[in-house]
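The chain contents come next:
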Amino acid sequence: MQDSFDVVIVGGAVIGSAVACYLSGDPDFDGRVLVVERDPTYARASTALSAASIRTQFSNAINVAISQYGAKVIRDFAILCATRDDRPDLAFHEGGYLYLAATPEQERTLRENHETQRACGADVVLWSPDDLSRAFPHLTCDDIRLASYGRSGEGWFDNTGLMNGFRNKARAQGVTYVRDEVTGLTRAGDRIIHVTLASGRRLACGTVVNAAGPRAAQVAGMAGLHIPVEPRKRTVFLYDCAQSPEGTARVNQGRLPLMIDPSGVYCRPEGRYFMTQCPPEDDRAVGCDDFEPDYAEFEERIWPVLAARSESFEAIKVIRSWAGHYAYNTLDHNMIVGPHPEVPNMLFANGFSGHGLQQAPATGRAVAELIVHGTYRTLDLSPLGMTRILTGTPFLEKNVI
Ligand SMILES: Cc1cc2nc3c(=O)[nH]c(=O)nc-3n(C[C@H](O)[C@H](O)[C@H](O)COP(=O)(O)OP(=O)(O)OC[C@H]3O[C@@H](n4cnc5c(N)ncnc54)[C@H](O)[C@@H]3O)c2cc1C
């Protein structure tokens, strides 16, 4: 195999594969692209362990636009990422997100966010507690002041399908994937000139893209750079209305959206079951190989909230649970995208925290534009760039899950 590539992408899950797909599909690009992936089973990639949902209900117009593009791509994926052998449909279920506000401050935030979302053309509505009770009669709404519901462009879909579709399309467009681990980056002044792999291979490269998910800071460190991204554990529980099959049917007939309780606990239907998660009480960096679920979260924090919100959820049973890692941006919980000013041929696409899956299409397109044209051509993501990290100026987004 040739040992020189125009672009080497570190990490081949949803972000690395989205970049590879958009780049190799750009008619103005004819370079050679290598994706290096240390674990092609993706068993511990955030992509495979995620809750696979997308929303337009952000507070920042850039994040709204990123997800609007994401929803369009997810809807049209079978056409956009068709290959000779495959038409990868992502089973996009546009069930919506339902944000509930219980305090005056939460209500004010929902109203402000609603203005931004509407101005961006998002299909969201505000509901009074009466509207909410009519739409979802099984919910207890006594404490609710206001709700915000996404009627379209929000919901859940096949997460690994998105990754595999981008990867297969990228391959069909000539990208090479290799199972190996990037262990070193050689700098000559302000450029990365070589990528070293665990197998001992040494590759010359034009551009390096860091798409290493929760390990992104390790890869940045290989170039002598620091990014504020660390692995933070999130446990997901799949549950059934075990004592009450009719309860499951009742909630599903009411087409429960992805509901975000004022406490931060969220749940959504997943086939005949439901999926739930909550922000951890003790949220700190964990080891890259620590995937032990926090089992106590369900009994102690999630179940009491769900049971109080709907009597259908009083008798529920955990079917399965797993832990995944957010690549958590400790500055502001949002992606870091684009080059580092000290090393312009190293591009970053990291720190997505809890919303990188839905942001993969816009990120893939954006990074490809930077590589091919040296600038953003569609959506300007420069407010999400490295400058804010270096100056310690957070990108403001109030709706973080
Ligand atoms: C529990 C949970 C729920 C989530 N829910 C949602 C959701 O509902 N909606 C949403 O949009 N997002 C969600 N997310 C976030 C989303 O899953 C991630 O932001 C997204 O998958 C990030 O993709 P990635 O490709 O950057 O990282 P990953 O999927 O982690 O992939 C990184 C890849 O890089 C590889 N790698 C790392 N280091 C190296 C190296 N040195 N050499 C070679 N390969 C390397 C890894 O093996 C891995 O395959 C959730 C995340 C979790 C954990």
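Because the structure is a prediction, the values reported are computed rather than measured.

Rules and cut-offs
Residues numbered from 1 in each chain as written. Predicted model: local features only at pLDDT ≥ 70, side-chain atom pairs only at ≥ 80, totals over all residues. Heavy atoms only, no water. Near = heavy atom within 4 Å. Polar contact = N/O pair within 3.5 Å; in protein donor to acceptor, adjacent residues only side chain to side chain. Areas by Shrake-Rupley, 256 points an atom, 1.4 Å probe, with all protein chains shown as cover. Domains from an automatic or database assignment. Helix = DSSP H or I, 4+ residues; strand = E, 2+ residues; numbered from the N terminus. Contact = heavy atoms within 4.5 Å. Buried area = accessible area lost by both parts, 1.4 Å probe. Salt bridge = Lys/Arg side-chain N within 4 Å of Asp/Glu carboxyl O. Phe/Tyr/Trp six-rings, centres within 6.5 Å; stacked < 30°, edge-to-face > 60°. Buried < 20%, exposed > 50% of the residue type's maximum accessible area, 1.4 Å probe, protein only. Pairing = 2+ DSSP bridges. Axes fitted to C-alpha atoms, helices over the stretch in contact; angles between N-to-C directions.

Before going further, it helps to spend a moment on the site of the ligand. Around the ligand sit 39 residues in total, of which Glu-37, Thr-47, Ser-53, Val-182 and Gln-358 are the nearest. In the environment of the ligand, a nitrogen atom lies 3.0 Å from a nitrogen or oxygen atom belonging to the backbone of Ala-51. Look at the ligand: alone it shows 1,000 Å² of surface, and the protein chains cover 96% of it. Among the domains, domain 1 (4-78 + 158-228 + 332-391) and domain 2 (97-151 + 231-324) are the pair contributing at least three residues each to the shell around the ligand.

Turning next to unusual backbone geometry. For Tyr-42, which is not a glycine, the phi torsion comes out positive at approximately 60°. On the secondary structure map, Tyr-42 appears in the loop between strand E2 (33-37) and helix H2 (46-49). The phi dihedral of Ala-91 falls on the positive side, at around 50°, and the residue is not glycine. On the secondary structure map, Ala-91 appears in the loop between helix H4 (77-80) and strand E4 (97-101).

What follows concerns the domain arrangement of the protein. If you check the domain split of the protein, you get domain 1 (4-78 + 158-228 + 332-391) and domain 2 (97-151 + 231-324). A straight line from the C-alpha centre of domain 1 to that of domain 2 covers 30 Å. Contact residues are listed per partner, giving 19 residues for domain 1 and 24 residues for domain 2. Both faces combined, the contact of domain 1 with domain 2 buries some 1,700 Å², and carbon together with sulfur accounts for 54% of it. On the domain 1 side of the interface with domain 2, the three residues burying the most area are Arg-44, Leu-49 and Gln-57, jointly 36% of the side's total. For Asp-289, the salt bridge goes to Arg-215, with nearest N and O atoms at 3.3 Å.

Moving on to the packing of aromatic side chains. Evaluation of the coordinates by the stated rule reveals 12 aromatic pairs. Ring centres of Tyr-239 and Phe-298 lie 6.2 Å apart, and the angle between their planes is 50°; on these two criteria the pair is classed as tilted. Here Tyr-239 is found in strand E12 (residues 229-240), whereas its partner Phe-298 is found in helix H10 (residues 296-309), with 59 residues between them in sequence. Judged by relative accessible area, which is 0%, Tyr-239 ranks as buried.

The next thing to look at is the side chain of Thr-47. Mapped onto the secondary structure, Thr-47 falls in helix H2. Residue class for Thr-47 comes out buried when judged on its relative accessible area of 8%. There is a polar contact of 3.4 Å between the side chain of Thr-47 and the backbone nitrogen of Val-14. Beyond its immediate sequence surroundings of up to four residues, Thr-47 is in contact with Ala-13, Val-14, Asn-159, Met-163 and Leu-357.

Here the focus is the sheet that holds strand E13 (residues 258-260). Paired through their backbone hydrogen bonds, the strands of a sheet run either parallel or antiparallel. Pairing in this open sheet of eight strands is mixed, and the strands run E5-E6-E4-E13-E14-E15-E12-E16 from one edge to the other. Of all the strands in the sheet, the pair left with one neighbour each is strand E5 (124-127) and strand E16 (317-329). Within the sheet, the average angular offset between the axes of one strand and its neighbour, ignoring direction, is 20°. With 12 bridges connecting them, E12 and E16 associate as antiparallel partners. Looking at the pairing, Tyr-239 lines up with Val-318 of E16. The sheet strands contacting helix H5 (residues 104-119) are E4, E5 and strand E6 (146-150), and the helix crosses E5 at an angle near 155°.

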